[in-house]
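# Inside the fold
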Amino acid sequence: MTSLHQTYLAAGQKSAEVTDWSARIGWLVGLALFIALVYWLMREGWKWRGTLQSDLPELPARPSPTTTLNAGGKPPLTGMPDEPGRVKLTMSGRYHGSTTAGQWLDRIVARGLGTRSRVGLTLTDAGLDVVRPGAADFFVPAAQLREARLDKGIAGKVLTEGGLLVVTWAHGDKLIDSGFRSDVSAEHNEWVDTLNSMINNTEGAR
């Protein structure tokens, strides 16, 4: 009886294993479909947000030989300086996105501003030059800079307190917060001080 009982149990275990594989495959297929659905919804939401923000003007770009009419390129945008001016600061780090100023969850995706990337920042007398490999570069004239501060988060990204350099700037009729993080976080304080001093001097000269 013991031998027969053990044989019966062994057969039952083998049968159960076949059933488990079938259930696992079904579970994996369901999980894959769920992930695909979530990805599709996120993509559609991104496209929908971009459509709502389609009235955002083209990003300003600092004039260069390839963007002037004389060189057969696009005309420089109104208010762009002919020369970048003296370099005040440079930074290498990451661009973490932009939001409507004061609303850190209201992400802006139009004009490529929603694309996170590596970034090189150069602050000159003329303004802030933002160079992003793989995404659209843009230039913020000094007159359009409004504020710089340290923060801990921007839509979709939360860091330690003071881990993010947030620059507020005007574009068209909209105020934008753009978040940057230097590879050397100790640089953030100098950027805040220099930017705010520059902004105050620009406003005082108006």
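## Section: the pairing of strand 4 (residues 127-131)
Working note: regular strand, side chains alternate between the two faces of the sheet. Of all five residues in strand 4, four are buried; the element is thus mostly enclosed. Sheet analysis places strand 3 (residues 117-124) next to strand 4, joined by four bridges and oriented antiparallel. Pairing of Thr 122 across the sheet is with Asp 129, part of strand 4. Hairpin connection, strand 3 to strand 4: the antiparallel pair is bridged by two residues. The sheet contact formed by strand 4 and strand 5 (residues 138-141) spans four bridges and is antiparallel. Bridge assignment links Asp 129 to a residue of strand 5, and that residue is Phe 139.

## Points about the confidence of the model for the protein
With 68% of its residues at a pLDDT of 70 or more, the protein shows a mean pLDDT of 78. Within the protein, no element has a lower average pLDDT than helix 1 (residues 2-52), which sits at 59, and none a higher one than strand 6 (residues 145-151), at 96. The low-confidence segment residues 65-73, where pLDDT is below 50, has 13 contacts with residues more than four positions distant or belonging to other chains.

## Let's talk about a nonpolar patch on the surface
Taken together, the side chains of Trp 27, Leu 28, Leu 31 and Ile 35 make up a nonpolar region of the molecular surface, amounting to roughly 430 Å² of accessible area. With respect to the secondary-structure elements, Leu 28 resides in helix 1.

## Some words on the pairing of strand 1 (residues 87-100)
For strand 1 and strand 3, the ladder comprises eight bridges, and the chain directions are antiparallel. Directly across from Arg 94, in strand 3, lies its bridge partner Arg 118. Where strand 1 lies against strand 10 (residues 174-182), seven bridges are found, and the strand directions are antiparallel. Following the sheet pairing, Thr 100 is matched in strand 10 by Ile 176. Direction of pairing for strand 1 relative to strand 2 (residues 107-108): antiparallel, over a ladder of two bridges. Residue pairing in the sheet places Thr 99 in a bridge with Arg 107 of strand 2. In this structure, the hairpin formed by strand 1 and strand 2 is closed by a connection of six residues, where Gly 102 is found at a positive phi of approximately 80°.

## Description of the nonpolar core
Among the nonpolar cores identified, the biggest contains 28 residues, and Leu 113, Leu 121, Leu 128, Leu 145 and Trp 191 are the most heavily contacted of them. Elements with a contribution of two residues or more to this core: strand 1, strand 3, strand 4, strand 5, strand 6, strand 9 (164-171), strand 10 and helix 2 (188-204). If we skip the residues at most four places from it in the chain, Leu 113 touches Leu 56, Leu 59, Tyr 95, Gly 97, Ser 98, Ile 108, Arg 132, Phe 138 and Ile 176.

## A short note on the packing of aromatic side chains
Under the defined criterion, the tally for this structure stands at two aromatic pairs. Plain terms: the ring middles of Tyr 95 and Phe 180 are 5.6 Å apart, the flat faces sit at 55° to each other, and that makes the pair tilted. Placement of the pair is Tyr 95 in strand 1 and Phe 180 in strand 10, with a sequence separation of 85 residues. Here Tyr 95 matches Phe 180 in class, with each residue buried. Centre to centre, the rings of Phe 138 and Trp 169 are 5.4 Å apart; their planes meet at 15°, and the pair counts as stacked. Here Phe 138, found in strand 5, pairs with Trp 169, found in strand 9; they are 31 residues apart in sequence, far enough to count as distant. For the pair formed by Phe 138 and Trp 169, the shared burial category is buried.

Each value, and the rule that gives it
- Residues numbered from 1 in each chain as written.
- Predicted model: local features only at pLDDT ≥ 70, side-chain atom pairs only at ≥ 80, totals over all residues.
- Heavy atoms only, no water.
- Buried < 20%, exposed > 50% of the residue type's maximum accessible area, 1.4 Å probe, protein only.
- Helix = DSSP H or I, 4+ residues; strand = E, 2+ residues; numbered from the N terminus.
- Pairing = 2+ DSSP bridges.
- pLDDT = per-residue confidence, 0-100.
- Contact = heavy atoms within 4.5 Å.
- Patch = residues over 30% accessible without salt bridge, like charges linked within 9 Å, V, L, I, M, F, W, Y side chains within 5 Å.
- Areas by Shrake-Rupley, 256 points an atom, 1.4 Å probe, with all protein chains shown as cover.
- Salt bridge = Lys/Arg side-chain N within 4 Å of Asp/Glu carboxyl O.
- Core = buried A, V, L, I, M, F, W, Y, C linked by side-chain atoms within 4.5 Å.
- Phe/Tyr/Trp six-rings, centres within 6.5 Å; stacked < 30°, edge-to-face > 60°.

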